[in-house]
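# Survey of secondary and tertiary structure
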Amino acid sequence: MKKFRPQPGFVVRAFRFALDPNAAQEAALRSHCGAARAAYNWAVAWVEASWWQRRAEESYGVSEAGLTQWRPWSLPSLRKAFNAAKHTDSRFVAWWEENSKEAYSTGLANAAAAFDNYAKSKRGQRKGKRVGMPRFKSKRKARLSCRFTTGVMRVDTDGRHVTLPRLGAIRTHEPTAGLLGRVEAGTARILSATVRHERGRWFVSFQTEVKCGLERVARPDTAAGIDLGVKTLGVIADSTGEIRTVPNPGHYDRARKQLRRASRIVSRRQGPDRRTGQKPSKRWEKANAARNKVHHRVANLREDSLHKLTTAVAAEYGTIVVEDLNVAGMLRNRRLARRIADAGFGEIRRQLDYKTRQRHATRLVVADRWYPSSKTCSRCGAVKAKLPLHIRIYECDACHLVIDRDDNAALNLAALAAVVVTGTGVAGDQDTAPAVSKPRGADQKTRATRPRRKASAGRAGGATLPHQRQTETRDRTQAEPLTLW
């Protein structure tokens, strides 16, 4: 299917609003989302039925020419087969007319995308982890979601209602003036609408084609480096030498006492058990809803604080430098995983990416993952061989600079913005200029030689005496130190 491309001068942007549906509207919303799930499961079963049939025929010795034909999984093929089956299939014949056709199209489109991802992953044409065969969606665990691409999709003129196909006008929890003004001015066009149940309430997200109006930043000639951390959420240093610290709000840590109390109440109630078929009691459902409310509040607070931080930073600097952090690997550290997940390092980079590119047309520079921002001296450029995480003060052995570890890293990231423009080829340079040979240093390897694995004669287990330990590499100096001015 051909990918949609906005017209010149326009970008695709989403406007999300919380809904306040009444009881009948909420039942209709759940029915549409359930129809999308049922259509998805039907498509998965319909396609895989031919696979299992072919496998059985091969076991019987049927030749290749006599095997059952493969069933296609393209969206037009699934739609044609589903439209023919919904009139006779007992699973749909009694109720399929109650929902919009867009609900079933949502499930079929998701199934087609799942089979495409599986085929591309199997052929090695898809990045990331290996994707398996599509699986059926559970009624209890599946996320309630439905997408509308045709029909009446609009924001009502009163600014407090939205109209969707077969659902009618639904009141919004917040004003829709931001999108309504753009639509009435002719600078926005609604492409699709997606309803989703998330964090205990219903949301509608309008995908729109919006005229790109760039906003000028406050300091276009200033570059800033952001060093993310756990103790402090971020240290921002600009090219003028100014350093600001953003405290870590720690929303989850502040709610842990309340969550422990709510979890104890849930554990005392009679919960569900799929092994025995036991259903949860009313008191368990009530206690579980109270616990989920605390989780939802923490998630909302985190999202609000991250958006405020990234919006303020993107609206101030012309160039922003961030690190390419291995967040998935950092989460394997059981001592820091909870705080790293609460900080949202990956979300900060994602928001800065689209806010600098679409709203302000500024530059976001991502430093190389192995760039030693914390080990490099921000004054002379000397790089330490090792700098353990518990050492919070950076002391340079060359120029005797004493500075906070995070402040030093932020200054190095800010200086990296000028290096990317000149293209000197140092670590972290993303310019297209030919790379200069770099000395092997502490950014990737810290030992001069590898320790011997085999046991030496006379020493049990290959133990090494203190005077025989391997020597660490000495501090090195870059060919050209990074400077801020």
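Analysis parameters
Sequence positions are assigned chain by chain, starting from 1 and proceeding in written order. With the structure being a predicted model, the display of local features is reserved for residues of pLDDT at least 70 and the display and counting of side-chain atom pairs for 80 or more, all residues being used for whole-chain, interface and lining totals. Computation of side-chain values covers all heavy atoms of the structure but excludes hydrogens and water. Segments assigned H or I by DSSP are reported as helices when at least four residues long, segments assigned E as strands when at least two residues long, and all are numbered from the N terminus. Working definition: with a 1.4 Å probe on protein chains only, accessible area under 20% of the residue-type maximum means buried, over 50% means exposed, and in between means partly exposed. Distance and chemistry together define a polar contact, namely a pair of N or O atoms within 3.5 Å, with one atom able to donate a hydrogen and the other to accept it when in protein, and with adjacent residues in sequence counting only for side-chain atoms on both sides. Each patch is built from salt-bridge-free residues with over 30% relative accessible area, joining like charges within 9 Å and nonpolar side chains (Val, Leu, Ile, Met, Phe, Trp, Tyr) within 5 Å. The Shrake-Rupley method, run with a 1.4 Å probe sphere, supplies the accessible areas, and residue values consider only the shown protein chains as cover. The rule for a salt bridge is simple: a side-chain nitrogen of Lys or Arg has to be within 4 Å of a carboxyl oxygen of Asp or Glu. Counting rule for charge: Lys and Arg are taken as positive, Asp and Glu as negative, and neither His nor the chain ends is counted. For this purpose, a charge sits on NZ of Lys, CZ of Arg, CG of Asp or CD of Glu. Only a pair of cysteine sulfur atoms within 2.5 Å counts as a disulfide in this structure description. Values of pLDDT, which run from 0 to 100, indicate the predictor's confidence residue by residue. Whether two residues are in contact is decided by their heavy atoms, any of which lying within 4.5 Å being enough. Take the buried Ala, Val, Leu, Ile, Met, Phe, Trp, Tyr and Cys residues and link them wherever side-chain atoms come within 4.5 Å; each set so joined is a nonpolar core. Between any two strands, at least two bridges found by DSSP are needed for them to pair. Lines fitted to the C-alpha atoms define the axes, with helices restricted to the stretch that makes contact. Angles between their N-to-C directions range from 0 to 180 degrees. Each pair of aromatic rings taken from Phe, Tyr and Trp, with Trp reduced to its six-membered ring, is defined by centres within 6.5 Å and is described as stacked if the planes are under 30 degrees apart, edge-to-face if over 60, and tilted in the remaining cases. Note on criteria: charge over ring means Lys NZ or Arg CZ within 6 Å of the ring centre, with the direction from the centre no more than 35 degrees off the ring normal.

The next point concerns the side chain of N408. The topology assignment puts N408 in helix 10 (residues 405-422). Taking relative accessible area as the criterion, N408 reaches 0% and is therefore assigned buried. A polar contact of 2.6 Å, which involves the side chain of N408, links it to the backbone oxygen of T376. Looking at N408, its side chain comes within polar contact range of the main-chain nitrogen of S378, at 3.0 Å.

Further remarks concern a positive patch on the surface. Taken together, K257, R260, R261, R264 and R268 make up a surface patch of like positive charges. Within the secondary structure, R260 sits in helix 5 (residues 251-267).

Before going further, it helps to spend a moment on unusual backbone geometry. The phi dihedral of R166 is positive, around 65°, even though this residue is not glycine. Along the polypeptide, R166 turns up in the loop between strand 4 (161-164) and strand 5 (168-171).

Quick look at the pattern of salt bridges now. Counting across every chain of the model gives 24 salt bridges. Where K101 meets E102, a salt bridge forms, and the shortest distance between an N and an O atom there is 3.0 Å. One network of salt bridges, with partners in common, ties together R219, D238, E242, R244 and E316.

Turning to the state of the cysteines, a few remarks are in order. Following the criterion strictly, the structure yields zero disulfides and no others. Summary of cysteine pairing: C396 is not part of a disulfide, and the nearest cysteine sulfur, belonging to C380, is at 3.6 Å.

In the predicted model, the protein carries a mean pLDDT of 86, and the fraction of residues at 70 or more is 86%. Low pLDDT, under 50, characterises residues 422-449; the stretch is placed with 54 contacts to residues that sit more than four places away or in other chains.

Time to look at the nonpolar core. With 47 residues, the main nonpolar core has W42, L108, L164, L179, V204 and F206 as its most contacted residues. With 11 residues, helix 1 (residues 23-59) is the single largest residue contributor to this core. In this structure L108 touches A39, W42, A43, L75, L78, R79 and F82, once residues within four positions along its chain are discounted. In this structure, L233, V313, Y317 and F345 belong to the second largest nonpolar core, which totals 19 residues.

Let us look at the sheet that holds strand 11 (residues 317-323). Strand order in the open sheet formed by five strands is 10-9-8-11-12, and the pairing between neighbours is mixed. A single partner strand is all that each edge strand has here, and the edge strands are strand 10 (243-247) and strand 12 (363-367). With direction set aside, neighbouring strand axes in the sheet form an average angle of 20°. Pairing of strand 8 (residues 219-228) with strand 9 (residues 232-238) involves five bridges; the strand directions are antiparallel. Note that in strand 9 the partner of G225 across the bridge is A237. The strands touched by helix 6 (residues 282-314) are strand 8, strand 9, strand 10 and strand 11; relative to strand 11, the strand with the most contacts, the crossing angle is about 130°. Across the face of the sheet, helix 9 (residues 345-359) comes into contact with strand 8, strand 9, strand 11 and strand 12 while running at roughly 145° to strand 12.

All chains considered together, the criterion is met by 12 aromatic pairs. Between the aromatic rings of W51 and F115, the centroid separation amounts to 5.7 Å while the plane-to-plane angle is 75°, which identifies the pairing as edge-to-face. Taken together, the residues span a long stretch of sequence, with W51 in helix 1 and F115 in helix 3 (residues 101-122) at a distance of 64 residues. Since its relative accessible area comes to 16%, W51 is described here as buried. Under the relative-accessibility criterion, F115 is labelled buried at 0%. Ring geometry for F92 against W95: centres 5.8 Å apart, planes inclined by 40°, an arrangement best described as tilted. The exposure class assigned to F92 is buried, which follows from its relative accessible area of 2%. Judged by relative accessible area, W95 falls into the partly exposed class, the value being 26%. Through pairs of rings, three or more aromatic residues link up here, namely W42, W46, F82, F92, W95 and Y104. The ring of Y40 is capped by K137, whose NZ or CZ atom sits 4.4 Å from the centre of that ring.

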